Amino acid sequence: MIERVLLVDDDPVFLAVYQGVLSQHFQVQTAEGPERALALVRDQGPFAVIISDMHMPGMDGLSFLERIRHISPRTVKIMLTGLPDLQTAMAAVNVTGVFGFFSKECDSSELVDKVRAAIAEYRKRTVHSAETIPASEILTKEEKEFFFKKD
């Protein structure tokens, strides 16, 4: 299975440039803005990795990735920003659990390496997913009653 990467930004030029760089190594889709990205995740997910801009109109990257965390919890998230600062980076890690935080001016090979590592992390999450989902979330009500009935 080929894991897919979703690149999210409100700037179509940025999307085109980074799609060109990343598509040499990965299967990449783009979404112009967070609302379009949420629709893609719901309709065509899961994505192994989502790379999101921080500053977008309507919904910032932190809010967007927080929603992704609930919709697609195994997806690995990477944040990109044109205006990097420590407070934003800390919030990205603490609030959304991002796997990486980069400036938009980062070296493309560094980003490619991080996406490779993120895909490896996604594979770990999906391999162990059955072990981490409680039976109460997998079984139907009838199955729970059958397997957990007390004699």
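This structure is a prediction, so every number in the text was calculated from the model and none was measured. (Residues numbered from 1 in each chain as written. Predicted model: local features only at pLDDT ≥ 70, side-chain atom pairs only at ≥ 80, totals over all residues. Heavy atoms only, no water.)

## Here we look at the packing of aromatic side chains
- Summed over all chains, the structure comprises 1 aromatic pair.
- Here the guanidinium or amino end of Lys 104 rests over the ring plane of Phe 14, the centre of that ring lying 4.4 Å away.
- Over the aromatic face of Phe 99 sits the side chain of Lys 114, whose NZ or CZ is 4.4 Å from the ring centroid. (Phe/Tyr/Trp six-rings, centres within 6.5 Å; stacked < 30°, edge-to-face > 60°. Lys NZ or Arg CZ within 6 Å of the ring centre and 35° of its normal.)

## Some words on the nonpolar core
- Grouped together as the largest cluster of nonpolar side chains are 22 residues, with contacts concentrated most on Val 49, Ile 51, Leu 111 and Val 115.
- Taken together, the elements giving at least two residues each to this core come down to β1 (4-9), α1 (12-22), β3 (49-53), β4 (76-81) and α5 (108-127).
- Apart from the residues lying within four places of it in its own chain, the contact partners of Leu 111 are Tyr 18, Leu 22, Ile 78, Leu 80, Phe 102 and Cys 106.
- Among the nonpolar cores identified, the runner-up in size contains 18 residues, and Leu 6, Leu 40, Ile 50 and Met 79 belong to it. (Core = buried A, V, L, I, M, F, W, Y, C linked by side-chain atoms within 4.5 Å. Buried < 20%, exposed > 50% of the residue type's maximum accessible area, 1.4 Å probe, protein only. Helix = DSSP H or I, 4+ residues; strand = E, 2+ residues; numbered from the N terminus. Contact = heavy atoms within 4.5 Å.)

## Section: the sheet that holds β1
- The sheet built from 5 strands is open, its strands ordered β2-β1-β3-β4-β5 with parallel pairing. Unpaired on one side and paired on the other, β2 (27-32) and β5 (100-103) mark the two borders of the sheet. For this sheet, the mean inter-axis angle between neighbouring strands, taken without regard to orientation, is 20°.
- Pairing of β3 with β4, which is carried by 5 bridges, proceeds in the parallel orientation. Paired with Ile 50 across the two strands is Lys 77, which belongs to β4.
- Contacting β1, β3, β4 and β5, α5 runs over the sheet at an angle of about 155° to β4. (Pairing = 2+ DSSP bridges. Axes fitted to C-alpha atoms, helices over the stretch in contact; angles between N-to-C directions.)

## Things to note about the packing of α1 against α5
- α5 packs onto α1 with a crossing angle of 65° between their chain directions and a minimal axis gap of 10 Å. As judged from the angle between their axes, α1 and α5 are roughly perpendicular. Here the hand of the crossing between α1 and α5 comes out right-handed. Along the contact surface, α1 presents Tyr 18, Val 21 and Leu 22, while α5 presents Ser 108, Leu 111, Val 112 and Val 115.
- Each residue belonging to the contact of α1 with α5 can be placed in one class, and the counts come to 6 nonpolar, 1 polar and no charged. (Parallel < 35°, antiparallel > 145°, perpendicular 65-115°, else oblique. Left-handed = near helix turned anticlockwise from the far one by under 90°. Nonpolar A, V, L, I, M, F, W, Y, C, P; charged D, E, K, R; others polar.)

## A few points about the pattern of salt bridges
- Overall, the coordinates contain 7 salt bridges when judged by the stated rule.
- A salt bridge links Arg 69 to Glu 66; the nearest nitrogen and oxygen atoms lie 2.6 Å apart. You can see Arg 69 and its partner Glu 66 sitting in helix α3 (residues 61-71), 3 residues apart, about one turn around the helix.
- Arg 69 sits in the partly exposed class, given a relative accessible area of 34%.
- One salt-bridge network, in which partners are shared between bridges, spans Asp 9, Asp 53 and Lys 104. (Salt bridge = Lys/Arg side-chain N within 4 Å of Asp/Glu carboxyl O.)

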